[in-house]
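For reference, the chains in residue letters:
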Amino acid sequence: MESNASRRRFLTKLGGIVATPYLATWPTEIAAQYIVAWPKYNDLLVVDFLASPGPFNSNEPWDDLTPQMLDSVKASGITAVNLTVSSGSDVEGCFKAIAKWESLIERHSEVLLKVKSVRDLLVAKQENKLGVIYGFQNAAMIGTDLSRVEMFKSLGIGVVQLTYNNRNLVGDGCLEPGNGGLSKLGIELVEELDNQKVIVDLSHCGQRTTAEGIQTSKNPVTISHSGCKAIYDNPRSKFDRELKAMADKGGVLGIYLVPFLVKDGTPPNQ
C-alpha cells in the first residue's frame, strides 16, 4: 500500500479539483490559483456520486431550481449525479421526494435527464444534460420485503446504501460500537440488489458491514462518499483493506469534502 506521504500528495492534487465548486464566491484572482482546466475532462463520463442540482442538505423549503442553479449545472460538465431521495424509512416522504424530482426533471428537460440505464447516461452526455440517478442512503425504506427492490428500481432507484451510521435490519452502521456486520436479511438484500442491477453503496456502513457487503456482492460495489482512514481516523472513513477489496472487484470510491468531519467540526452524526 502507498505511504501516508504518497496519499497526502495525491489528495493535495485532488483537493484542487473537488474544491472547485466552492470557489464561485471567491475573488477571481484567488480562484484562478486553484482551477485547472484538464483538456480531457469534457470527453469523459463524469458522475458525482452524491450531489444535487438543487439545495443540498437544506432545511429551508424550496419549490424550484433557480436560474443560477441551472447555470451551474450547465457549466459543471458533470454527466450525472446520485441524488438522495431517502435516508430513512419514511415511505410517504420518499414518494414525495421522487414526485418532486419527476416534476423538476420534466420542467427543466432542457437541462436535466432521468437516468435508469447506461443508455440514458450516454444520452445525457451526448445532449449535454445532467443525468439524475435516484438513490437511497438507508436500506430501511425496503424493510423486510425484498420485492420492494424491484419496485423501487422501476421508479429509478439505482443506488442503495445499506446503512446510515446506525444499526438497521440489514447491518451495522459506522457509529455502532458492536460492529456486527451484515444480518441474514442484509445478505439476502445484497443478493437481490445484484439481481436487480442496483448498485450497493457502503458509505455510512460499519467496518464489518463494509467488508461483508464487498464480499457478498457478485457485482462491483461503491463507497460513494467516504475517505481514507489511514489519512484521518474518522468513523465514516474506510480502512485500506476494505478499499483494496472493493477496488479488486471493480468498485469505486468517491472522496468527500465535508468540513464538519474535521477534528474541530461537528461530530459525525450526519
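Rules of the game
Numbers given for residues are sequential positions, taken from 1 along each chain in its written order. Local features are withheld for residues below a pLDDT of 70 in this predicted model, meaning they are given only at 70 or higher, and side-chain atom pairs are given and counted only at 80 or more; totals for whole chains, interfaces and linings count all residues. The basis for every side-chain value is the complete set of non-hydrogen atoms in the structure, without hydrogens or water. The salt bridge criterion pairs a side-chain nitrogen of Lys or Arg with a carboxyl oxygen of Asp or Glu, the two atoms within 4 Å. Only runs of H or I of at least four residues qualify as helices and only runs of E of at least two qualify as strands under DSSP, and these elements are numbered from the N terminus. Residue exposure (1.4 Å probe, protein chains only): buried if accessible area is under 20% of the type maximum, exposed if over 50%, otherwise partly exposed. Per-residue confidence from the predictor is given as pLDDT, running between 0 and 100. Only heavy atoms enter the contact rule, under which two residues are in contact if any of them lie within 4.5 Å. The set of buried Ala, Val, Leu, Ile, Met, Phe, Trp, Tyr and Cys residues whose side-chain atoms join them within 4.5 Å is what this entry labels a nonpolar core.

Draft legend 1. Focus on the pattern of salt bridges. With the rule as written, the count across this model stands at eleven salt bridges. Across the pair Arg-167 and Glu-176 runs a salt bridge whose closest N-O atoms are separated by 3.9 Å. For Arg-208, the salt bridge identified is with Glu-212, shortest N-O distance 3.0 Å. With a gap of four residues between them, Arg-208 and Glu-212 both fall in helix α8 (residues 207-216), about one helical turn apart. Taking relative accessible area as the criterion, Arg-208 reaches 38% and is therefore assigned partly exposed. Through salt bridges that share partners, Arg-167, Asp-172 and Glu-176 make up one connected network.

Draft legend 2. Structural view of the side chain of Thr-79. With respect to the helices and strands, the residue Thr-79 is situated in the loop between α3 (67-76) and β2 (80-86). Given the relative accessible area of 2%, Thr-79 is considered buried.

Draft legend 3. Just the confidence of the model for the chain, in detail. In the predicted model, the chain carries a mean pLDDT of 86, and 82% of its residues have values of at least 70. Scored below 50 in pLDDT, residues 6-28 makes 19 contacts in the model with residues more than four places away or belonging to other chains.

Draft legend 4. Local environment of the nonpolar core. Counting residues in each nonpolar core, the largest one holds 44 residues, and the members touching the most others are Tyr-134, Leu-162 and Leu-189. For this core, the secondary-structure elements that each account for two or more residues are α3, β2, α4 (91-107), β4 (130-136), α6 (148-154), β5 (157-161), α7 (184-195) and α9 (240-248). Ranked by residues supplied to this core, first place goes to α4 with five residues. One finds Phe-49, Val-115, Ile-133 and Val-159 within the second-largest nonpolar core, a separate group that totals six residues.

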